[in-house]
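Residue strings, one per chain:
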Amino acid sequence: MNNIKSAFSVDFEDWYQGFEVIPVDKWEDYPPRIERNCRKILEILSNHNIRATFFVLGYLAEIFPRLIEAIHNEGHEIGSHGYSHTQIFRLTPEKFGDEIKRTNDAIVKITGKRPIGFRAPIFSIIEESLWAIDVLAENGFLYDSSIYPTINYRYGIVKAERFYHQIETERGNKIAEIPVTTSKFLNLNVPVGGGAYFRIWPYGVTRWGFRQVLRDGQPGVFYMHPWEIDTDQPRIKLPLRLSFTHYTNLHSTERKLDRLFNDFSFSTMAEVFGFEY
Ligand SMILES: [Zn+2]
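Residues numbered from 1 in each chain as written. Predicted model: local features only at pLDDT ≥ 70, side-chain atom pairs only at ≥ 80, totals over all residues. Heavy atoms only, no water.

Engineer: Mind showing me how you'd approach the coordination of the zinc ion here?
Structural biologist: Ideal geometry at a metal centre gives angles of 109.5 degrees when four donors are arranged tetrahedrally and 90 or 180 degrees when six donors are arranged octahedrally. Protein-derived ligands of the zinc ion are Glu13 (OE), His81 (NE2) and His85 (NE2), with the metal-ligand distances lying across 1.9 to 2.1 Å. Residue class for glutamate 13 comes out buried when judged on its relative accessible area of 2%. Residue class for histidine 81 comes out buried when judged on its relative accessible area of 0%. (Donors = N, O, S within 2.8 Å, 3.2 Å for Na, K, Ca; no water. Buried < 20%, exposed > 50% of the residue type's maximum accessible area, 1.4 Å probe, protein only.)

Below, the structure is given as structure tokens:
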């Protein structure tokens, strides 16, 4: 295997915060499990000597500043995952700008550093919300990792570029776009960069995909959520597809991560793609 490092990222949210059917004003009804899951992720990463990028929710940064501090103190990069986990195409540019600023303020208060990277809730920069790129660039972000070049019932721009590239908007803003990894099979972009796919498919699919992109000289980009290693999380009633993608094979995540970390080397988005953080 070659020596290219891939990027490892964590979309830092609690087990009930990623459901578009549970809006932010209902979050208090659910028992938080983020502290234990955060500790567990940090332990796994430290055991493998891996620094990662955590895209954190502004909401969590306000309520659990100590957690963000602990993550940062271990040498991980802190990026932004927005404030309320509202999909961007449901927001106006003004409202999105407010979310970005509020989250940045919460993060800066903890780390003293402005985040340079952004990952949208549920990869919600799609064709109709591409305006978000301007908002990000105008708020000082150097890279975005929100455009998923695949088809999914919730997200994706299937014709988007698959690898790191610069975007220049009509308003003249520039930002780097760093998509989560897809591999090519026939004419399809197969999502192999983590999330539900990592749990649902056998580990070998991810290994095949990562080997393919590394062979092409490109770093892989992987993402996960803290709740994906939490087999004891509450089971609640959800729409069928959501329930399937959330709860399937949670027990397999840790074992598969172990294999992933043994097969490939990882670091933060900033380090892998050469950004000053
Ligand atoms: Zn998320």
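Engineer: I would appreciate a short explanation of the packing of helix H7 (residues 203-215) against helix H9 (residues 253-263) in the present structure.
Structural biologist: Each pair of packed helices can be described by the angle between their axes along with the distance between the axes. In contact at an axis separation of 10 Å, H7 and H9 are set at 25 degrees when each is read in the N-to-C sense. Considering their axes alone, H7 and H9 lie roughly parallel with respect to each other. In this structure, the crossing between H7 and H9 has a hand that is right-handed. For the pair H7 and H9, contact is made by Tyr203, Thr206 and Arg207 and by Lys256, Arg259, Leu260 and Asp263, respectively. Classifying every residue of the contact of H7 with H9 by side-chain character gives two nonpolar, one polar and four charged. (Axes fitted to C-alpha atoms, helices over the stretch in contact; angles between N-to-C directions. Helix = DSSP H or I, 4+ residues; strand = E, 2+ residues; numbered from the N terminus. Parallel < 35°, antiparallel > 145°, perpendicular 65-115°, else oblique. Left-handed = near helix turned anticlockwise from the far one by under 90°. Contact = heavy atoms within 4.5 Å. Nonpolar A, V, L, I, M, F, W, Y, C, P; charged D, E, K, R; others polar.)

Engineer: What should I look at first to understand helix H1 (residues 34-47) in this one?
Structural biologist: For the α-helix, the turn length of 3.6 residues means that residues three or four positions removed from each other point alike. The end-to-end C-alpha separation of H1 is 20 Å, in line with the 20 Å expected for 14 residues at 1.5 Å each. Here H1 has its buried residues at Ile34, Asn37, Cys38, Ile41, Leu42, Ile44 and Leu45. Angular distribution of buried residues about the axis of H1 spans 160 degrees; they occupy a single face of the element. Exposed and facing more than 90 degrees away from the buried side of H1 are Arg39, Glu43 and Asn47. (Expected span 1.5 Å × (residues − 1). Arc of directions from axis to C-beta.)

Engineer: Even after reading the chapter, I still don't get the side chain of histidine 72, so can you show me in this structure?
Structural biologist: By the element assignment, histidine 72 lies in helix H3 (residues 65-73). On the accessibility criterion, histidine 72 (17% relative accessible area) is buried. Those residues in contact with histidine 72, other than ones at most four positions away along the chain, are Ile78, Thr111, Lys113 and Tyr277.

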